[in-house]
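Notes for the structure review
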Amino acid sequence: MKLDTLLEETLENWGFARQGVADELRNIPDKDYGFRPGTDSRSILEVAQHVLESGLMMSGELSRPDGDFQRKSYESLLREYGRGVASKKHKPEILAALRQAHRDGEGKLRRAGEIHMLQRIRRFDGKMGTRLAWINHGIAHEEYHRGQLALYARLLGLIPALTQQIEG
């Protein structure tokens, strides 16, 4: 893969973000996937499912010629793109689904092409922005949840995966 286009650089960054989420999930034992720090918080499993659904929605909607994040409600878009995600309940299937969804999504975005990604799309807030900028929003979203998972790991008495990588 040549990194000589904005799209390729952005897709590489999405790969790093997705790998980081997967690393944090891999670090947490399957038996702890039901952990939630408070009653109004998502569990580890729910965070993983949310990242999976959101990534599917992102790559699906951005690659559509008629993509529009307001063509349906947020919940309806998640249902459209996230079919089957709720059935993923254990670490091995979540990790496999994250890998496959990323591979498929990257392929959709690459096939749509850089010119398409430089075109504008209506965002959830009703404003227009480029599809490429929205991919960067998706990357930031996954990094946010990576940090959330790292905090959950700390609350479980674990050392987060990224800390382990940094410390060698």
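Structural data are supplied above this passage.
To start, this report covers the structure provided alongside it.

About the thresholds
Residues numbered from 1 in each chain as written. Predicted model: local features only at pLDDT ≥ 70, side-chain atom pairs only at ≥ 80, totals over all residues. Heavy atoms only, no water. Salt bridge = Lys/Arg side-chain N within 4 Å of Asp/Glu carboxyl O. Helix = DSSP H or I, 4+ residues; strand = E, 2+ residues; numbered from the N terminus. Buried < 20%, exposed > 50% of the residue type's maximum accessible area, 1.4 Å probe, protein only. Lys, Arg positive; Asp, Glu negative; His and termini not counted. Polar contact = N/O pair within 3.5 Å; in protein donor to acceptor, adjacent residues only side chain to side chain. Contact = heavy atoms within 4.5 Å. Axes fitted to C-alpha atoms, helices over the stretch in contact; angles between N-to-C directions. Parallel < 35°, antiparallel > 145°, perpendicular 65-115°, else oblique. Left-handed = near helix turned anticlockwise from the far one by under 90°. Core = buried A, V, L, I, M, F, W, Y, C linked by side-chain atoms within 4.5 Å. 1 Å grid on protein atoms, 1.4 Å probe; cavity = no way out; pocket = protein on both sides within 12 Å on 5 of 7 lines; lining within 4 Å. Points joined across faces, edges and corners; volume = space filled by probe spheres on them. Nonpolar A, V, L, I, M, F, W, Y, C, P; charged D, E, K, R; others polar.

Let's shift gears to the pattern of salt bridges. Enumeration over the complete set of coordinates arrives at 14 salt bridges. Notably, a salt bridge pairs Glu 80 with Arg 64, separated by 3.6 Å at the nearest N-O pair. Taken together, the positions of Glu 80 in helix H3 (residues 74-81) and Arg 64 in the loop between helix H2 (44-63) and H3 put the pair 16 residues apart, joining distant regions of the chain. On the basis of relative accessible area, Glu 80 is assigned to the buried category, the value being 15%. Lys 72 is the salt-bridge partner of Glu 80, the closest N and O atoms lying 2.7 Å from each other. Assessed through its relative accessible area of 34%, Lys 72 is described here as partly exposed. Via salt bridges that share partners, Glu 61, Arg 64, Asp 66, Arg 71, Lys 72 and Glu 80 belong to a single interconnected network.

We now examine the side chain of Arg 131. Considering the arrangement of structural elements, one finds Arg 131 in helix H6 (residues 131-155). It turns out Arg 131 is buried and unbridged, and the closest side chain with the opposite charge, Asp 66, is 6.7 Å from it. Side-chain polar atoms of Arg 131 contact the backbone oxygen of Leu 62, separated by 2.9 Å. Ignoring sequence-local partners within four residues, the contact set of Arg 131 consists of Leu 62, Arg 64, Pro 65, Gly 67, His 116, Met 117, Gln 119, Arg 120 and Ile 121.

Before going further, it helps to spend a moment on the packing of H2 against helix H4 (residues 91-112). Between H2 and H4, the least distance of the axes is 9 Å, while the angle of their chain directions is 15°. Relative to H4, the element H2 is oriented roughly parallel. Read as a crossing pair, H2 and H4 show a hand that is left-handed. Along its contact with H2, which presents Leu 45, Ala 48, Gln 49, Val 51, Leu 52, Leu 56, Ser 59, Gly 60, Leu 62 and Ser 63, the element H4 presents Ile 94, Ala 97, Leu 98, Ala 101, Gly 105, Lys 108, Leu 109 and Ala 112.

On to the nonpolar core, then. Of all hydrophobic cores here, the largest spans 20 residues; its most connected members are Leu 25, Tyr 33, Ile 44, Leu 52, Ile 94, Leu 98 and Leu 149. The set of elements that each furnish at least two residues to this core consists of helix H1 (6-27), H2, H4 and H6. Ile 44 has contacts with Leu 25, Ile 28, Asp 32, Tyr 33, Phe 35, Leu 149, Tyr 152 and Leu 156, leaving out every residue within four places of it along the chain.

Next up on the list: the layout of surface pockets. Size it by volume and the largest pocket reaches roughly 190 Å³. In terms of lining residues, the largest pocket is bounded by 14 residues, among which Leu 52, Leu 56, Tyr 81, Ala 101 and Asp 104 are the most central. Secondary structure elements with two or more residues in the lining of the largest pocket: H2 and H4. At six residues, the largest contribution of residues to the lining of the largest pocket is made by H4. Considering only residue class, the lining of the largest pocket consists of six nonpolar, four polar and four charged.

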